[in-house]
Amino acid sequence: MNIDANRVWKEASSLLERELSVKDFQTWIQNLRPRRIEGGVLTLSAPFGLYRDRVRKAFLPVIENAVSTVVRARCRVAVVVDEDGGEDRPIAVASGPAVSWPPKAKPPTKAATATFGGGVRPRTFENFVVGEANRMAYLAARHIVDGSLGEANPVFLYGGVGLGKTHLLSAVRHALRSSGGRVLYYPGEEFTRRMVDALLAHRMTEFRREFRLADALLIDDVQCMVGKKRTQQELAEAFNVLHAAGKPIAFASDRPPSEIRTFEQGLRNRFQGGLITELRPPDKTLRAEILRAKLSEAGIDLDDGLIDRLSVVLQGSIREMEGVVANIRLASSGCEGRVEDAVLETVIAPFLKTNGPVSLETVIETVSWAFGVSREEILSRSRTRRISLPRHVAAYLCRRLTGSSSTEIGDALGGRKHTSVLRADKGVRDRACDDPGFASRLRDLEQMLGGAKALRPSSTRSRAGAL
Ligand code: ADP
Ligand code: MG
């Protein structure tokens, strides 16, 4: 971290401490970390997306004023999130110096790290909460480890974002590895990347040898291979090698095999030849159980009634719940009183606000705010990239969160055809497959708008040209 940024932030923090209430300061300012100051912009990092968004929304002007006072010039402030390096974000590109979360003053306990990182704590069968919505998938994953799949090989898990697919594959990997098994685990893009590297280095023989040596093959986010012909061919090869040897194979995807239409027929048949199970969004009972488990992992003791209320409000993905637990932890760490008081104020209230039915207008406004373009620009005919990208993202989020038809969404986005909305939606999903940074930005936006409510899988790869 550069010295100047540190010094500036230290001084600005003490100004802010005088200006803001103790609770706001402790909850929303103290946990920001300076990264660098460059070109008149001080970059601060926040522990997770929801936190960053709240700081941007509620405190940016006051932070900018304080910082400008310190440097005696107009200084802008950017608030960003450090990549967490979780297992669903395999390409942990180090961006900037490492910043430790939570803050150094309180050394993180194991559980606390887990709630912030999302992927630091190993995801095992032990910390997977089983209920109606995910029992079949859980049992299928267990069968892989027990070696009792038999004819049911491969296992194909599918379901919406943040419902536990990666968790289950990780649990399988963890269990097999701890009994000495050689497990090949690839998030969808990683398989392609490794294959391309091998191709370029003329090391395909080695790449393929891995399959012969492996005891199990796990491929996450297999929908990311849509449209990648060579990848699919290699995957089919790998599949054949392991399958013939009776080794377990598991896939996870955001949609069922029948909807992965641009996959080679042969590969689709292979997916369909085993056990296909869906992970559904958890019902209220399971949501409460998961919340209880996550809170207890984070060492937070919360009133049962409050857990109950939260489990009514939090209807999105489980990842969203983890964000809330992290929020609760932050809120309670800055407060001497009972956890409930801090929680009600800083965590539940904003959630109650954002968790009503999401309207088309809310999505459009939020996206325009997040991308720094105006609502009018989103609705305009302009096709420059600066404007068409947020427009596509708005179409995608409207499809996922509002329950409106694509015709209604097209109307709200400035009178566009429903086919354009569908194309934009697919374009955004394709890009999310290729670009983890973009995917994480989408997740943050969804979380802000109240979480992933419904998943509408798209099946073909296309360019979102018309919107
Ligand atoms: P997906 O791969 O389906 O998008 P993940 O497996 O990454 O979702 O799950 C999102 C987060 O929610 C992860 O941190 C995971 O550990 C947690 N999670 C999901 N399902 C459960 C569950 N049943 N019990 C406990 N944690 C869960
Ligand atoms: Mg996943």
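Residues numbered from 1 in each chain as written. Chains lettered and ligands numbered in written order. Predicted model: local features only at pLDDT ≥ 70, side-chain atom pairs only at ≥ 80, totals over all residues. Heavy atoms only, no water.

Peer 1: Where do I start with the overall build of the protein chain in this structure?
Peer 2: Of regular secondary structure, the protein chain possesses 20 helices and eight strands. When each of the 467 residues of the protein chain is scored for burial, the buried share is 54%. Counting only carbon and sulfur atoms, one obtains 51% of the accessible surface of the protein chain, whose full area is about 20,300 Å². (Helix = DSSP H or I, 4+ residues; strand = E, 2+ residues; numbered from the N terminus. Buried < 20%, exposed > 50% of the residue type's maximum accessible area, 1.4 Å probe, protein only. Areas by Shrake-Rupley, 256 points an atom, 1.4 Å probe, with all protein chains shown as cover.)

Peer 1: Explain the pattern of salt bridges to me, please; I cannot follow it from the model alone.
Peer 2: Any two side chains of opposite charge can pair if their charged atoms end up close together. Under the counting rule described, the total for this entry stands at 23 salt bridges. Its salt-bridge partner being arginine 386, residue glutamate 377 comes within 2.6 Å of it at the nearest N-O pair. The partly exposed category is assigned to arginine 386, whose relative accessible area is 48%. For arginine 400, the salt bridge is made with glutamate 446, and the minimal N-O distance between the two is 2.9 Å. With arginine 400 in helix α17 (residues 385-401) and glutamate 446 in helix α20 (residues 436-449), the pair connects residues that are 46 residues apart, well separated along the chain. Under the relative-accessibility criterion, arginine 400 is labelled buried at 3%. The class of glutamate 446 is buried, set by a relative accessible area of 5%. The network of salt bridges with shared partners includes Glu189, Glu190 and Arg193. (Salt bridge = Lys/Arg side-chain N within 4 Å of Asp/Glu carboxyl O.)

Peer 1: Looking at this structure, I do not really get the nonpolar core. What am I missing?
Peer 2: Soluble globular proteins tend to pack their nonpolar side chains together in the buried interior. Counting 29 residues, the largest nonpolar core has Trp9, Leu16, Ile29, Leu32, Ile63 and Val67 as its most contacted members. Of all the secondary-structure elements, those providing two or more residues to this core are α1 (3-19), α2 (22-29), β2 (41-46), α3 (49-71), β3 (76-81) and α13 (318-333). Among the elements that make up this core, the one with the highest residue count is α3 (ten residues). Counting residues in each nonpolar core, the second largest holds 28 residues, with Tyr158, Leu217, Ile260 and Phe263 among its members. (Core = buried A, V, L, I, M, F, W, Y, C linked by side-chain atoms within 4.5 Å.)

Peer 1: Please clarify how the sheet that holds β3 should be interpreted in this entry.
Peer 2: The pairing of strands in a sheet happens through backbone hydrogen bonds and is either parallel or antiparallel. Taken in spatial order, the three strands line up as β1-β2-β3 in an open sheet, and their pairing is mixed. Two strands close off the open sheet at either side, each with one partner strand: β1 (33-38) and β3. On average, adjacent strands in this sheet sit at an angle of 25° to one another, irrespective of strand direction. Pairing between β1 and β2: five bridges, direction antiparallel. Bridging across to β2, proline 34 finds its partner in leucine 44. The sheet strands contacting α3 are β1, β2 and β3, and the helix crosses β3 at an angle near 150°. (Pairing = 2+ DSSP bridges. Axes fitted to C-alpha atoms, helices over the stretch in contact; angles between N-to-C directions. Contact = heavy atoms within 4.5 Å.)

Peer 1: Hey, could you run me through the packing of helix α15 (residues 360-371) against α20 in this one?
Peer 2: Helix-helix packing is characterised by the crossing angle of the two axes and by the distance between the axes. Viewed as axis vectors pointing N to C, α15 and α20 meet at an angle of 135°, and their least axial separation amounts to 11 Å. Taken together, the axis directions place α15 and α20 in an arrangement best described as oblique. Read as a crossing pair, α15 and α20 show a hand that is right-handed. Of α20, the residues touching α15 (which contributes Thr362, Val363, Thr366, Trp369, Ala370 and Phe371) are Arg441, Leu445, Met448 and Leu449. (Parallel < 35°, antiparallel > 145°, perpendicular 65-115°, else oblique. Left-handed = near helix turned anticlockwise from the far one by under 90°.)

Peer 1: What am I meant to see in unusual backbone geometry here?
Peer 2: Following asparagine 153, the chain continues to proline 154 via a peptide bond in cis, the omega torsion being 5°. Tracing the sequence through the fold places proline 154 in the loop between α5 (135-146) and β4 (155-159). We note that histidine 202 has phi near 55°; this positive angle belongs to a residue other than glycine. Looking at the secondary structure, you find histidine 202 in the loop between α7 (188-200) and α8 (204-213). Although it is not a glycine, aspartate 221 sits at a positive phi angle of roughly 50°. Summarising the element assignment, aspartate 221 is placed in the loop between β6 (216-220) and α9 (229-244). Judged by its relative accessible area of 24%, aspartate 221 is partly exposed.

Peer 1: How should I be thinking about α17 in this particular structure?
Peer 2: Side chains that are three or four residues apart share a direction in an α-helix, a result of its 3.6 residues per turn. If you check α17, its first and last C-alpha atoms are 24 Å apart, about what 17 residues at 1.5 Å a residue would give, namely 24 Å. Counting buried residues along α17, 15 of its 17 residues qualify, which places the element largely inside the surrounding structure. Phi turns positive one or two residues past the end of α17, at glycine 403, with a value near 75°. (Expected span 1.5 Å × (residues − 1).)

Peer 1: What am I meant to see in the site of ligand 1 here?
Peer 2: Among the 19 residues in the neighbourhood of ligand 1, the closest are listed as Gly162, Thr166, His167, Lys294 and Glu322. Take lysine 294: an N or O atom from its side chain is 2.7 Å from a nitrogen atom of ligand 1. For ligand 1, whose accessible area on its own is 560 Å², the fraction buried by protein is 97%. At the level of elements, α6 (165-178), α11 (284-297) and α13 are the ones that each hand at least two residues to the shell around ligand 1. (Near = heavy atom within 4 Å. Polar contact = N/O pair within 3.5 Å; in protein donor to acceptor, adjacent residues only side chain to side chain.)

Peer 1: Explain the confidence of the model for the protein chain to me, please; I cannot follow it from the model alone.
Peer 2: A low pLDDT score tells you not to read the predicted coordinates there in detail. Confidence in the prediction of the protein chain, expressed as mean pLDDT, is 80, and 82% of residues score 70 or more. Confidence scores differ between elements of the protein chain, with helix α4 (residues 110-117) showing the lowest mean pLDDT of 31 and α5 the highest of 96. Predicted confidence is poor over residues 83-120, with pLDDT under 50, and the contacts of this stretch with residues over four places away or in other chains come to 65 contacts. This model gives residues 452-466 a pLDDT under 50, and the stretch forms 55 contacts once residues within four places in sequence are excluded. (pLDDT = per-residue confidence, 0-100.)

Peer 1: Help me understand the packing of α7 against α8 in this model?
Peer 2: Where α7 meets α8, the closest approach of the two axes is 7 Å, and the angle between their N-to-C directions is 140°. It follows that α7 is oblique to α8 by the angle criterion. Where α7 abuts α8, its residues Phe191, Arg194, Met195, Ala198 and Leu199 lie against Met204, Phe207, Glu210 and Phe211.

Peer 1: Mind showing me how you'd approach α3 here?
Peer 2: The first and last C-alpha atoms of α3 sit only 27 Å apart over 23 residues, clearly below the 33 Å expected at 1.5 Å per residue. Largest kink in α3: about 75°, centred on phenylalanine 59, with the proline proline 61 one to four residues after it. Of the residues one or two after α3, arginine 72 is the one with positive phi, at around 55°. (Bend = angle between axes of the 7 residues up to and from the residue.)

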